[in-house]
Each structure stands twice: as structure tokens, then as C-alpha cells.
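An overview of the molecular structure
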Amino acid sequence: MYVCGITPYDATHMGHAATYVAFDVLQRAWLDAGHEVHYVQNVTDIDDPLLERAVQRGEDWRAIAERETALFREDMTALRVIPPREYIGAVEAIPSVASYVQRMQELGVVYAVDDDLYFSVSSDPHFGSVANLDRAEMTRIFAERGGDPDRPGKRDPLDCLVWQDARPDEPAWNTPLGHGRPGWHIECVAIALDHLGMTIDVQGGGSDLAFPHHEMGASEAQVVTGEWPYARHYVHAGMVGWQGHKMSKSRGNLVFVSQLRADGHDPMAIRLALLAHHYRSDWAWTPQGLQGAEQRVDLWRRATAMPSGPDASATLQRMREVLSDDLRTPSALDAVDQWAMAAVAGTGSDATAPALIADACDALLGVRL
Ligand code: 5CA
Ligand code: ZN
């Protein structure tokens, strides 16, 4: 599994957290089913937003990236997200990116505009099959999400940048391609191919990455390897909103995990507030949602501290059943609620049940009581 990581120019917000918790639940379901999981994630530690933030703040871009990456890892640890086996930075992947782009040059699927290199999307017969958008939609969204459909000299407006020639006052690296830095999509492809290879089971991220990021990445990987498909499943988490809009660093309407933690909120309640929504739906963060989750943790803690409760096996079976059905976490929470309400009401005399339910919450949901 490859899940796209953060661009570390600001702290982790609830949208990021929801996405990483969703894939954590998937990893936990696989581990519970006895599978070995190889999970890889990147960190986009060089990109335009990071450089813009550095200029605004008068700070070194590397210092921002290091600080925000460290904070992200702390937040993920607090939320009990199992870390990926490999966590790779874009900067450390530059030599690998350069070698994939050289391979593309040999295949004749890249061309230069000024001294920047573009990948021809038409070289992949499967281009368009990840997000399934029509051309007009692709062009519109491409322009909104970092693409440059109108740049003169491009052969196809949808062709994407794989290598950007050095700009004055911007960081650049010496490679066989020249002095410059990687395009965004090829960075994830290089990391995924180096550490997982074709074909990955799940390419994950938020739904804002379906196009262009995962579409372009799939085509680049398929063309460079000559194999298909890049991923068996493209899995996208819904967007978390706040104050009427998708939570985004560029809009600045953010609720940060680190801020909630500093305000004394229990990370397990934060996690439960996220799990109360199905990962694929778009939803809005609310303080009431967090309050509800705090009450739920409290109920679950009281119930699992009881000397006995109702038999746990039906609850455990129900949790596994709903999680294996497209990770229906809200139904899994309901199942635990039912058991917990019965337990605190003094129903049931199984002395092993409270510990079993606590273990199931820990292993399957990542909620330690
Ligand atoms: N570094 C790239 C991926 S290679 C990137 O998109 N970084 S990010 O910091 O902008 O987002 C990190 C992850 O959080 C991505 O998977 C993105 O899809 C997801 N994400 C961003 N905003 C939201 C949101 N409001 N709700 C849910 N997920 C979100
Ligand atoms: Zn990515």
C-alpha cells in the first residue's frame, strides 16, 4: 500500500488526520486477517507551497519541512496510526526520479518546453481510467490543482511536468537531467516503484488526489515499466470540511490535531470523532462531533473496566464483518456501543469479555481504552 503523505508547510489538520486514520484502519483489517502489509508513504519535502511559505516567513524551507514533518509524526503517534514501513522524502528520491525520467527519455515519451521536461499522457493507452473524467473536467481540475494546461509549447494541455529546470533563488539539484527539481507526480511514482514495485494493491490518499495526481502517476508508472496496472485499487478518502469549505492549508480554515491535543483533548476521542464517519464520505468537522466522541470513550472505558459483560464474540464478529465491508467504521462503533451499554447496565456475566472488547478496540480501531 502506498498512501500519499503530507506537504510539510503547516501542521496536520483534521482532514489529513481523517485520511491517514482511514488507511490505518485498512492496515489493521489486513493485519487482523493475517496478511503481511508493506506500507510506504512519502513526504513532499520540496514543492512550491513550501517555498512560498518559506519566503513569507523569512525562514529556511528545510527548517519548515523538518519541523512540520516531526509534528506530523508526533500527531500520528498520538492518534495511534501505525507508521509506514518506509517513509521517504521527495528530496532523497531525486536521484531515483532522475533515472525514471531518463528511462522516459529513452522511450521517447518526454519532451522539453524551455528547459522543463513534460510527460506525454497520450503515451499511456489507459490514461484517464483512474478518475474517469471527461477532457473538459480534466483540463479544469488540472488548472486548479497545480497543473499548467495553458502553457505555450505543450503538445497536449494535460501533459504533466516531470522535471523543472532550476529557477533563480529556488533550490535545485544536479542530476543527469540537469540542474533542477522533480515534478510532483513522478516523485510518488519513483518512491512507490522503488519500494513496492508493480503492481501495488492500494494507492491511497484524499479524493483531491484522484485527478491529476493519481491519474498522472499511474500513467507515468505504466509507461516507464511497460506494465499495467500501477495499482489494483485507487482508494480515496472524502474531504473533511470546516466552516462551509474543504479544510485546506491554502484557505486557512483549519483545525489542527496538535492544537486539540494542546487544549487537552484525548487523542483517542479525536480518533473516534474521525471514525464516526465513513472514510469515503465528505463531512464537516464540528466541536459537537468531538464532544460526542469524548462521551463515547468515556462509556467504552467504563464498560471495559466492568468485572464482566455480555459475551464478546458476536460483537467481535460484527466488527470484523462491517470493517471488511469497505471499512464501515460507523457500524463498528455502533457494535461496540451496544455491547458497552449492556455491560454498564450490568447485563452479562462473562468475565473475559471486557478485556476482549478492549483488545478488539485497540487492534481493529486503534482506540486504546
Ligand atoms: N504531498 C501531497 C501528496 S503526494 C499532498 O497532497 N499533501 S497534503 O498535505 O496536501 O495532503 C496530505 C493528505 O491529506 C493527502 O492524501 C490529501 O488528499 C489529504 N487531505 C488534504 N486535505 C484534506 C481534507 N480536507 N480532508 C481529507 N483529506 C485531506
Ligand atoms: Zn503523492
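Above: the structure in question.
Below you will find a few notes about this structure. Because the structure is a prediction, the values reported are computed rather than measured.

Of the protein atoms, only Cys4 (SG), Cys188 (SG) and His213 (NE2) coordinate the zinc ion (ligand 2), at distances of 2.1 to 2.3 Å. What the four donor atoms of the zinc ion (ligand 2) show is an angle range of 101 to 120° at the metal, which sorts the shape as tetrahedral. If you list the donors of the zinc ion (ligand 2) from N- to C-terminus, the spacing comes out as C-x183-C-x24-H. Here Cys188 lies in helix 6 (residues 184–195) and Cys4 lies in the loop between strand 1 (2–3) and helix 1 (14–32), a separation of 184 residues in the sequence.

Moving on to the environment of Pro176. For Pro176, the location among the structural elements is in the loop between strand 7 (173–175) and strand 8 (178–182). Along the chain, Pro176 and Asp359 lie 183 residues apart, while their C-alpha atoms are 52 Å from each other. Contact partners of Pro176, with chain neighbours within four places excluded, come to Ala98 and Gln102.

Taking strand neighbours across the sheet as the criterion, the five strands line up as 3-2-1-9-10 in an open arrangement whose pairing is parallel. A strand with exactly one partner marks an edge of an open sheet, and here the two such strands are strand 3 (86–89) and strand 10 (231–237). Across two bridges, the pairing between strand 1 and strand 2 (residues 40–43) is parallel. From the neighbouring strand, Val3 faces strand 2, where its bridge partner is Gln41. In the packing of helix 7 (residues 210–225) onto the sheet, contacts are made with strand 9 (200–206) and strand 10, and the angle to strand 10 comes to roughly 165°.

Lining the immediate surroundings of ligand 1 are 24 residues, of which Gly5, Thr7, Thr19, Thr44 and Asp208 lie closest. Between Val240 and ligand 1, the recorded distance is 2.9 Å, taken from a backbone N or O atom to a nitrogen atom. Relative to its unbound accessible surface of 600 Å², ligand 1 loses 94% to contact with the protein. Secondary-structure elements contributing two or more residues to the shell around ligand 1 are helix 1, helix 6 and strand 9.

All right, on to the pattern of salt bridges then. Throughout the structure, instances matching the rule amount to 29 salt bridges. Residues Asp48 and Arg181 are paired through a salt bridge, measuring 2.8 Å at the closest nitrogen-oxygen approach. Here Asp48 is found in helix 2 (residues 48–57), whereas its partner Arg181 is found in strand 8, with 133 residues between them in sequence. With a relative accessible area of 5%, Arg181 lands in the buried category. A salt bridge links Arg151 to Asp114; the shortest N-O distance between them is 2.9 Å. Here Arg151 is found in the loop between helix 5 (135–144) and strand 6 (160–165), whereas its partner Asp114 is found in the loop between strand 4 (110–113) and strand 5 (116–119), with 37 residues between them in sequence. Through salt bridges with shared partners, a single ionic network connects Asp114, Asp116, Arg151 and Arg167.

Here we come to unusual backbone geometry. At the junction of Phe211 and Pro212, the peptide bond is cis and its omega measures out at 0° in the coordinates. The amide bond that connects Trp228 to the next residue, Pro229, takes the cis arrangement and shows omega of -5°. The topology assignment puts Pro229 in the loop between helix 7 and strand 10. Of note in the backbone geometry, Asn132 takes a positive phi value of approximately 55° without being a glycine.

Put simply, helix 11 (residues 313–324) and helix 12 (residues 329–344) touch, their axes get as near as 8 Å, and they point 170° apart. Judged by the angle between their axes, helix 11 and helix 12 are roughly antiparallel. Across from Thr315, Arg318, Met319, Val322 and Leu323 in helix 11, the residues of helix 12 making contact are Thr329, Ser331, Ala332, Ala335, Val336 and Trp339. Here the contact of helix 11 with helix 12 is built from residues that sort into seven nonpolar, three polar and one charged.

Conventions used here
- Residues numbered from 1 in each chain as written.
- Chains lettered and ligands numbered in written order.
- Predicted model: local features only at pLDDT ≥ 70, side-chain atom pairs only at ≥ 80, totals over all residues.
- Heavy atoms only, no water.
- Donors = N, O, S within 2.8 Å, 3.2 Å for Na, K, Ca; no water.
- Tetrahedral: all angles 85-135°; square planar, octahedral: opposite > 155°, others 65-115°.
- Helix = DSSP H or I, 4+ residues; strand = E, 2+ residues; numbered from the N terminus.
- Contact = heavy atoms within 4.5 Å.
- Pairing = 2+ DSSP bridges.
- Axes fitted to C-alpha atoms, helices over the stretch in contact; angles between N-to-C directions.
- Near = heavy atom within 4 Å.
- Polar contact = N/O pair within 3.5 Å; in protein donor to acceptor, adjacent residues only side chain to side chain.
- Areas by Shrake-Rupley, 256 points an atom, 1.4 Å probe, with all protein chains shown as cover.
- Salt bridge = Lys/Arg side-chain N within 4 Å of Asp/Glu carboxyl O.
- Buried < 20%, exposed > 50% of the residue type's maximum accessible area, 1.4 Å probe, protein only.
- Parallel < 35°, antiparallel > 145°, perpendicular 65-115°, else oblique.
- Nonpolar A, V, L, I, M, F, W, Y, C, P; charged D, E, K, R; others polar.

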